[in-house]
Amino acid sequence: TFHPDASPTQFSTRFYYINGINTDGVGHRNVAEVIANITQSPITGIYNLTNGMAGDLKQCLGDWLSIVRSQLGEEGFISDRLSQSAINKLAAISLPHRLSADFLHAMREAYIAPAEIKGGSKTDAHMQKALKRNLASLSLYQLLARNVNCRQIVVAHSQGNLVTSFALWGLQAVYGSKALSRIEIRSISSPAPAWPRGINNRIKVYGQSDDPVTWFDPKNFTGNRSAGNWDQFRFKSPFQYVKSGGIAAHDVVYNINTTNLYRRLRDDAGIAPF
């Protein structure tokens, strides 16, 4: 059952679902109900209202650029993120570096990465005004801030990842990276170029590497890809092509069922997988 206003006192974890591009209200609700049935938990739906394909793409571009600006301005970006990329790139082409990658990342975390990003670079009033350019981001920001002491899990699909990332950058700017310490992201078919440091190690990315939407995520090419499941599905015959690439690989329910996200969501809810 889809419950839009779950009380945090009833369940130990609050789940949210944010839809992607060009989705009507019925489509949003249907996917939220799928997630509610998997987790056997209330789901708070944040509807990313469509303005038609052209309008949605324009909004995506604006959000994408805003996120890039936030990333470039984040404390420790040059030293931490670029060294992370270098380690991962070397590990991809060299066995010695692959074997030492975990050690090198641990050293990076200990000596290069900032231990914490302080809040206060923006006020709450300023951030709420800035987030009005995308009302779904504003709604998510308000909900996450209101329930910051609860465990909160956001399931975001496609453009919903831009909505979510935008809101999280806002939280970190106002309250610091500690405000994200109980938030987790289940990211599906993401074009998001960056996520704030405060969400590190609590984001899982799911999708198909032959999904063209994910190609707008530069982390796929810089070695900063988030931990998760990135299966490559290839078609074996023309009759199976619909399951193996192009826009079909972008479908949200398809990705829930063909990656380990289904089992992850069951685990998130504290129930055994089927």
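Draft legend 1. Just the overall build of the protein, in detail. In terms of helices and strands, the protein carries ten helices and six strands. Buried residues in the protein amount to 49% of all 274 residues. Contacts spanning at least 24 positions in sequence make up 73% of the contacts within the protein whose residues lie at least 6 apart. On the protein, roughly 13300 Å² of surface is accessible, and the fraction owed to carbon and sulfur atoms is 59%.

Draft legend 2. How the structure looks around the confidence of the model for the protein. With 84% of its residues at a pLDDT of 70 or more, the protein has an overall mean of 83. Confidence, read as mean pLDDT per element, is least for strand S6 (residues 228-231) in the protein (56) and greatest for strand S3 (residues 151-157) (97). When the criterion is pLDDT under 50, residues 1-9 qualifies, and its contacts beyond four places in sequence or with other chains add up to 21 contacts. Every residue in residues 233-238 scores below 50 in pLDDT, and together they form ten contacts with partners more than four places removed in sequence or on other chains.

Draft legend 3. Spotlight on unusual backbone geometry. In this structure, serine 158 is a non-glycine residue whose phi angle is positive, near 55 degrees. Classification of serine 158 by relative accessible area gives buried; the value is 4%.

Draft legend 4. Region of interest: the packing of helix H1 (residues 25-39) against helix H10 (residues 261-268). Contact pair H1 / H10: the axes reach a minimum separation of 8 Å and the direction vectors enclose 60 degrees. As summarised for this structure, H1 and H10 are arranged oblique, according to the angle between their axes. Counting all contacts with H1, which are made through Ile35, Ile38 and Thr39, the residues of H10 involved are Tyr262, Leu265 and Arg266.

Draft legend 5. Here's a closer look at the packing of helix H3 (residues 77-93) against helix H4 (residues 95-111). Where H3 contacts H4, the two axes come as close as 7 Å, and the packing angle between them is 160 degrees. In terms of their interaxial angle, H3 and H4 are classed as roughly antiparallel. For the element pair H3 and H4, the recorded crossing hand is left-handed. On H4, the residues that touch Asp80, Ser83, Gln84, Ile87, Asn88, Leu90, Ala91, Ala92 and Ile93 of H3 are Leu95, His97, Arg98, Ala101, Leu104, His105 and Arg108. By residue class, the composition of the contact of H3 with H4 is eight nonpolar, five polar and three charged.

Draft legend 6. Quick peek at the environment of valine 213. The topology assignment puts valine 213 in the loop between strand S5 (203-208) and helix H8 (219-222). With a relative accessible area of 18%, valine 213 lands in the buried category. Residues valine 213 and serine 189 lie 24 residues apart in sequence; the distance between their C-alpha atoms is 6.7 Å. Residue contacts for valine 213: discarding those within four places in its chain leaves Ser158, Ser189, Ser190, Pro191 and His250.

Draft legend 7. Expanded view of the side chain of aspartate 63. Structurally, the position occupied by aspartate 63 is in helix H2 (residues 52-73). Ignoring any residue separated from it by four or fewer positions in sequence, one finds aspartate 63 in contact with Arg133, Asn134, Leu162 and Phe166.

About the criteria used
- Residues numbered from 1 in each chain as written.
- Predicted model: local features only at pLDDT ≥ 70, side-chain atom pairs only at ≥ 80, totals over all residues.
- Heavy atoms only, no water.
- Helix = DSSP H or I, 4+ residues; strand = E, 2+ residues; numbered from the N terminus.
- Buried < 20%, exposed > 50% of the residue type's maximum accessible area, 1.4 Å probe, protein only.
- Contact = heavy atoms within 4.5 Å.
- Areas by Shrake-Rupley, 256 points an atom, 1.4 Å probe, with all protein chains shown as cover.
- pLDDT = per-residue confidence, 0-100.
- Axes fitted to C-alpha atoms, helices over the stretch in contact; angles between N-to-C directions.
- Parallel < 35°, antiparallel > 145°, perpendicular 65-115°, else oblique.
- Left-handed = near helix turned anticlockwise from the far one by under 90°.
- Nonpolar A, V, L, I, M, F, W, Y, C, P; charged D, E, K, R; others polar.

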